[in-house]
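Residues per chain, in single letters:
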Amino acid sequence: MAKQLNIGMIGYGFMGRAHSNGYNRVANFFPELEYKPVLKAACARNADAIKAFADTWGYQSTETDWRKLVERKDIDAVDICVPNNLHKEIALACAAAGKMILCEKPLAMNTAEGEVMCQAVEKAKVANTVWYNYRRIPAVTFAKQLIDEGKLGRIFHYRANFLQDWTISADLPQGGNGLWRLDVAAAGSGVTGDLLAHCIDTAIWLNGGVTNVTAMTETFIKERTHTLTGKVEKVGIDDACAFLCRFDNGSLGLFESTRYARGHKALYTFEINGEHASIKWDLHDLHRLQWFDHRDAGNLRGWRSIHVTDGDHPYMSKWWVPGLQIGYEHSFVHQVADFCESLAKGTPCGPTFRDALETQKVCDAVLGSAKTGQWANV
Ligand code: SOE
């Protein structure tokens, strides 16, 4: 019989649902796993809201004080699914209590906080991971395999975008449910930590470390009503950010993110150009990987659109039959599966806190460069 992995969830927003879905479905599709998540408790300050969430997703109990949840003897792993300004305090309490941690991205408000969190989990030797879920979309994992096999050869360029359009209205307040992402005190930054952090995590995973960056940011709407105070307050987040970088392997990077790209809801794309081949991926068409191989016969050369749904593609043998695709939510199921497998093997489940700290360092360098107008080392 599988060993129980008792989960305590803190938070109940969009990500709380995505993670809970991952815990609930993993045992059906990865029945061989030695560990099986059990939804023990969900926690939030609002007792009615968390009760409704717990009932919907199958949590056995609720708490309204996260410290109580962290102290509970029947919790093995805590899922930190709250705004970024609470990650550090909760993670330190979890490490002190010997709890494993699955932390929503970005790891922290900044590198300094992230470093303290890394030291705490490493000292306590508790398993930890950060939910940079896009690594586990099969087409993205497949890109990683192709790169690691050397199929692209030397890499020259890495290009990524994450475009949305949901904050264009000046009437949108900052702060409170969901909209804490617009409040610098809760989020730490805007699109850099929220969206580009995903692109940076994938880029470091696929193409290695970033050496230095030069960036620009803009805040288009300078003041918004704050939901918590009711007052019109200065907006401290970056609405848009673009940066150039050099990777440690000598390749050049170009990244852009905004929440003001009318018509784009969650357009995360990347393109990598290597000596022999190029790859492209697009979150709006997430089950496909575009591949161009210069080694093909000249008269057959062209972009191939690989439908990443076959049994020999990453994770796909766990799902339906070849040709039937999966979606966004499955990336979370995969991360839970990999976390459980890592526990059984006693190996880290990437991105660990230490891996995610690298992304945080790039974000800090980007924001620093945007302020000074100078190149910044990572
Ligand atoms: C913001 O809109 C957001 O929900 C991010 O917070 C998520 O990390 C991203 O995956 C989708 O967009």
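All of these numbers come straight from a predicted model, not from anything done at the bench. (Residues numbered from 1 in each chain as written. Predicted model: local features only at pLDDT ≥ 70, side-chain atom pairs only at ≥ 80, totals over all residues.)

J.: Honestly, the site of the ligand in this entry has me stumped. Any pointers?
T.: Around the ligand, a shell composed of Gln-164, Asp-194, His-198 and Ala-266 is seen. Here the shell around the ligand is built from residues that sort into one nonpolar, two polar and one charged. (Near = placed C-beta within 6 Å. Nonpolar A, V, L, I, M, F, W, Y, C, P; charged D, E, K, R; others polar.)

J.: Teacher, can you tell me more about the packing of helix α5 (residues 111-124) against helix α10 (residues 353-372) here?
T.: Angle between the axes and distance between the axes are the two parameters that describe a pair of packed helices. Two elements in contact, α5 and α10, have axes whose closest approach is 9 Å; the angle formed by their N-to-C orientations is 170°. Classified by the interaxial angle, the pair formed by α5 and α10 is roughly antiparallel. Where α5 approaches α10, its residues Thr-111, Gly-114, Glu-115, Met-117, Cys-118 and Val-121 are matched on the opposing element by Phe-353, Arg-354, Leu-357, Gln-360, Lys-361 and Asp-364. Here the contact of α5 with α10 is built from residues that sort into five nonpolar, three polar and four charged. (Axes fitted to C-alpha atoms, helices over the stretch in contact; angles between N-to-C directions. Helix = DSSP H or I, 4+ residues; strand = E, 2+ residues; numbered from the N terminus. Parallel < 35°, antiparallel > 145°, perpendicular 65-115°, else oblique. Contact = placed C-beta atoms within 7 Å.)

J.: Just to check I follow, could you spell out the packing of helix α8 (residues 191-207) against α10 for this structure?
T.: Remark: α8 packs on α10, axes separated minimally by 9 Å, with the N-to-C direction vectors making an angle of 125°. When the axis of α8 is compared with that of α10, the two are oblique. Crossing hand, α8 versus α10: right-handed. Contacts between α8 and α10 involve Thr-192, Gly-193, Leu-196, Ala-197, Ile-200, Asp-201 and Ile-204 on the former and, on the latter, Glu-358, Thr-359, Val-362, Cys-363, Val-366 and Leu-367. Its residues assigned to classes, the contact of α8 with α10 comprises eight nonpolar, three polar and two charged. (Left-handed = near helix turned anticlockwise from the far one by under 90°.)

J.: I'm lost on the sheet that holds strand β3 (residues 61-63) in this one. Help?
T.: Hydrogen bonds along the backbone pair up the strands of a sheet, which may run parallel or antiparallel. Taken together, six strands build an open sheet; the order of strands is β3-β2-β1-β4-β5-β6 and the sheet is parallel. Both edges of this open sheet fall to β3 and β6 (128-130), since each of them pairs with a single strand only. Averaged over neighbouring strand pairs, the angle between their axes works out to 25° when direction is ignored. Alignment of strand β1 (residues 3-10) against strand β2 (residues 35-43), held across eight bridges, turns out to be parallel. (Pairing = 2+ DSSP bridges.)

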